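Coordinate analysis (summary)
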Amino acid sequence: MTYLTCTSSILLALAIVGAASGGAEKANSGISKKPFGKMPDGRTIDLYTLTNNHGMRVAITNYGGIVVSIVVPDRNGKPGDVVLGFDNLEGYLGKEPYFGALVGRYGNRIGKARFKLDGVEYKLAANNGPNSLHGGVQGFDKRVWTAREVHGEHPALELTYLSKDGEEGYPGNLSVKIVYSLAEDNALRIDYSATTDKDTVLNLTNHSYFNLAGEGNGDILKHEITINADRFTPIDGTLIPTGELRKVAGTPFDFRKPAVIGARIDADDEQITFGKGYDHNFVLNRSGAGLSLAARITDSESGRVLEVLTTQPGLQFYTGNFLDGSIHGKGGKAYGRRSAFCQETQHFPDSPNKPSFPSTELKPGQTYHQSTVFRFSVNK
Ligand code: GLA
């Protein structure tokens with residue numbers, strides 16, 4: 001046997017073994033990295049792309065841990081990007097409404113921008129009327145995270161950040177780790193963990209704006225949604241929960257059976273008026289710990305289906321009521337009112353001031369753990 005024939009037989013044998021074990025298929029799955037832009041101080045920011053073998057691709061940047069794009073096939077196998085965002089870092093450095101962001105230390109609002117913990121009052125920046133929203137002026141969405149590619153069973157990206165004691169007014173040095181991973185069933189999983197060296201409060205979430213018809217492709221009013229919640233937390237005129245857990249039955253918030261998002265979004269209802277549509281926290285029906293199904297959204301045109309699973313007790317369903325077409329995103333597309341919906345899995349807004357809500361406190365020695373899965377499929 002010549003050297004050449006010998007090498008080709010080995011290669012052929014390897015190819016056969018690879019194909020039999022699914023190895024040949026694995027060729028597409030993995031992580032790639034490319035530059036995404038530079039911070040004003042010169043730091044380089046990267047864009048990581050996780051790819052699986054079923055036509056799904058998720059791009060994430062270490063600036064703000066932002067999910068920049070999620071490409072998934074429609075019912076005909078045609079790929080489409082289903083989240084709003086920008087083509088480069090510059091877009092995210094301007095004023096924008098948390099597209100795809102990793103939100104912390106506290107997702108959603110803390111009333112009157114203050115809370116008491118262990119008898120001490122902590123003052124936060126009032127960046128949303130009288131309230132503090134999404135972690136303050138420079139929340140986790142505006143920080144540079146340390147990224148590490150993880151090549152395990154599924155491609156994954158680990159992001160870490162040390163939020164110093166007193167940052168944005170919150171107590172404790174908080175060490176945060178987020179892992180984004182992409183599975184073969186077209187599920188993007190987010191695992192959040194954190195530890196602190198002083199008692200503190202914490203509520204992490206992801207603020208992706210979904211449009212299952214594809215970003216920039218009209219509004220989401222015809223999408224259908226099911227939310228696994230018998231109750232929601234009604235709000236006051238500044239969007240702070242009143243403390244009540246109200247039954248959804250008989251209200252525009254009843255999504256226990258699939259309903260079209262647009263059907264009751266402008267109903268003559270005080271809660272709808274306060275939210276300018278849906279911008280409310282739902283109290284998820286849960287049985288025990290672990291991931292459980294929070295919501296399911298379908299778009300009949302593209303056939304795309306999104307299922308949201310989470311370990312969290314709440315879900316903020318926000319219908320992009322504040323978008324007004326003034327922001328131009330990917331490819332220069334204008335993002336109009338209600339051109340996306342958010343599924344912010346979370347603890348309830350203003351929990352630090354609402355002793356009856358599930359606690360958001362984290363103490364030294366404890367580890368915060370939460371997980372959320374965005375799983376995509378198609379209806380044929
Ligand atoms: C959350 C809030 C909304 C809005 C968006 C960001 O969903 O509940 O009121 O602030 O974030 O624009």
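Residues numbered from 1 in each chain as written. Predicted model: local features only at pLDDT ≥ 70, side-chain atom pairs only at ≥ 80, totals over all residues. Heavy atoms only, no water.

Glancing now at the nonpolar core. Counting 57 residues, the largest nonpolar core has I70, I178, Y180, I227 and F376 as its most contacted members. Top element by residues in this core is strand 13 (residues 174-182). It accounts for 5 residues. In terms of nonpolar packing, the next biggest core, distinct from the first, is built from 24 residues, I45, V103, L133 and Y335 among them. (Core = buried A, V, L, I, M, F, W, Y, C linked by side-chain atoms within 4.5 Å. Buried < 20%, exposed > 50% of the residue type's maximum accessible area, 1.4 Å probe, protein only. Helix = DSSP H or I, 4+ residues; strand = E, 2+ residues; numbered from the N terminus.)

Scanning all chains against the criterion turns up 20 salt bridges. With its nearest N and O atoms 2.7 Å apart, the salt bridge here joins D165 to K198. With D165 in the loop between strand 12 (155-163) and strand 13 and K198 in the loop between strand 14 (187-196) and strand 15 (200-201), this residue pair connects regions lying 33 residues apart in the sequence. A relative accessible area of 35% places D165 in the partly exposed class. Two residues, R246 and E244, come together in a salt bridge whose shortest N-O distance is 3.0 Å. Taking the relative accessible area as the measure of exposure, E244 reaches 35% and is therefore partly exposed. (Salt bridge = Lys/Arg side-chain N within 4 Å of Asp/Glu carboxyl O.)

Around the ligand, 14 residues are found, and the nearest of them are R109, H134, H207, D279 and E344. At 2.8 Å from an oxygen atom of the ligand is found a side-chain nitrogen or oxygen belonging to H134. Per-class residue counts for the shell around the ligand are 7 nonpolar, 4 polar and 3 charged. (Near = heavy atom within 4 Å. Polar contact = N/O pair within 3.5 Å; in protein donor to acceptor, adjacent residues only side chain to side chain. Nonpolar A, V, L, I, M, F, W, Y, C, P; charged D, E, K, R; others polar.)

Our focus in this paragraph is the side chain of T233. Tracing the chain through its elements places T233 in strand 19 (residues 229-233). Each residue touching T233, except ones within four places of it in the same chain, is listed here: P241, E244, L245, N281, V283, F348 and F357. (Contact = heavy atoms within 4.5 Å.)

With that settled, consider the packing of aromatic side chains. A complete count under the given rule lists 25 aromatic pairs for this structure. Plain terms: the ring middles of F232 and F253 are 4.3 Å apart, the flat faces sit at 10° to each other, and that makes the pair stacked. With F232 in strand 19 and F253 in the loop between strand 20 (246-247) and strand 21 (259-260), the pair connects residues that are 21 residues apart, well separated along the chain. Each member of the pair F232 and F253 is classed as buried. An aromatic cluster of three or more residues is present, and its members are F36, F86, Y92, F99, Y209, Y318, F322 and Y335. Taking NZ or CZ as reference, R264 lies 4.9 Å from the ring centre of F255, over its face. (Phe/Tyr/Trp six-rings, centres within 6.5 Å; stacked < 30°, edge-to-face > 60°. Lys NZ or Arg CZ within 6 Å of the ring centre and 35° of its normal.)

Let us now look at the sheet that holds strand 19. Spatially, 17-26-25-22-19-20 is the arrangement adopted by the 6 strands of the open sheet, whose pairing is antiparallel. Each edge of the open sheet is held by one strand with a lone partner, namely strand 17 (209-210) and strand 20. Alignment of strand 19 against strand 22 (residues 279-284), held across 4 bridges, turns out to be antiparallel. Within the sheet, the bridge partner assigned to T233 lies in strand 22 and is N281. (Pairing = 2+ DSSP bridges.)

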